[in-house]
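# Coordinate inspection notes
Below are the chains, spelled out letter by letter.
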Amino acid sequence: MSDVLHLKYTVCDDDFTRAGEASSDVKKRLKQLAIPPEIIRKVSIALYEGEINMVIHANGGSIDVFITEEEIKLVLADKGPGIPDINKAMEAGYSTAPDNIRTLGFGAGMGLPNMKKNSDDMQIDTTINVGTTVTMIIRL
């Protein structure tokens, strides 16, 4: 693979039935590219957690995946409310998910920590009332 493979997805607001479609498709594509299973697992977990966060907290958004010979770059962008306290949001177990989301089995406060754990580099750019962009890199 000499070029960059660019995949683009849209995450719909409050649609738990479709949440995970992007991570499933990326997983399938990475298998077709013979990416090692441990890398596929990391990408799948990081991307799924990001998708769920976008559905719960951010009114949906877009996902861009760039695959090169060196790395997989995931860019998740939304126009949600922003993250008021990134350090607090990175604490395992901290969640701002409402009760109706928790009753669905989501909102345990592990999204961002799992995203960081499964990526080699993660950057969060957020502006209150404007949105958040999370960029994750998984090296091959």
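So, how was this worked out
Residues numbered from 1 in each chain as written. Predicted model: local features only at pLDDT ≥ 70, side-chain atom pairs only at ≥ 80, totals over all residues. Heavy atoms only, no water. Helix = DSSP H or I, 4+ residues; strand = E, 2+ residues; numbered from the N terminus. Rg over C-alpha atoms; globule rule 2.2 N^0.38 Å. Buried < 20%, exposed > 50% of the residue type's maximum accessible area, 1.4 Å probe, protein only. Contact = heavy atoms within 4.5 Å. Areas by Shrake-Rupley, 256 points an atom, 1.4 Å probe, with all protein chains shown as cover. Expected span 1.5 Å × (residues − 1). Salt bridge = Lys/Arg side-chain N within 4 Å of Asp/Glu carboxyl O. Polar contact = N/O pair within 3.5 Å; in protein donor to acceptor, adjacent residues only side chain to side chain.

## Quick notes on the overall build of the chain
In terms of regular secondary structure, the chain is built from five helices and five strands. Sequence-ordered secondary structure for the chain, helices as α and strands as β, is β-α-α-β-β-α-α-α-β-β. A compact globule built from 140 residues would reach a C-alpha radius of gyration of about 14 Å, and the chain, at 14 Å, matches this within 12%. For the chain, the spread of C-alpha atoms along the three principal axes comes to 45 × 30 × 25 Å. Expressed as a percentage of the 140 residues in the chain, the buried residues total 45%. Within the chain, counting contacts between residues at least 6 apart in sequence, those at least 24 apart form 62% of the total. Summing over all exposed atoms, the chain offers an accessible surface of approximately 7600 Å²; the carbon and sulfur share of this is 49%.

## Observations regarding the side chain of S44
On the secondary structure map, S44 appears in helix 2 (residues 37-57). If near-sequence neighbours (up to four positions away) are discounted, S44 is found in contact with S23 and K27.

## Things to note about the environment of G60
In this fold, G60 is placed in the loop between helix 2 and strand 2 (61-67). As a C-alpha pair, G60 and V134 span 74 residues in sequence and 13 Å in three-dimensional space. The contact partners of G60, leaving out residues within four places of it in the chain, are V11, C12, D13, M54 and D78.

## Focus: helix 2
For helix 2, spanning 21 residues, the distance from its first C-alpha to its last is 30 Å, which sits close to the expected 30 Å at 1.5 Å a residue. Downstream of helix 2 by one or two residues, N59 has phi in the positive range, about 60°.

## Here's the deal with the pattern of salt bridges
Within the structure shown, the criterion is met by six salt bridges. Across the pair E91 and K88 runs a salt bridge whose closest N-O atoms are separated by 3.5 Å. When its relative accessible area of 39% is taken as the criterion, E91 is described as partly exposed. Residues participating in the shared-partner salt-bridge network are D25, K28 and R29.

## Some thoughts on the environment of D78
Along the polypeptide, D78 turns up in the loop between strand 3 (71-77) and helix 3 (86-89). A sequence separation of 34 residues divides D78 from S44, and the C-alpha atoms of the two residues are 19 Å apart. Looking at D78, its side chain comes within polar contact range of the main-chain nitrogen of G80, at 2.8 Å.

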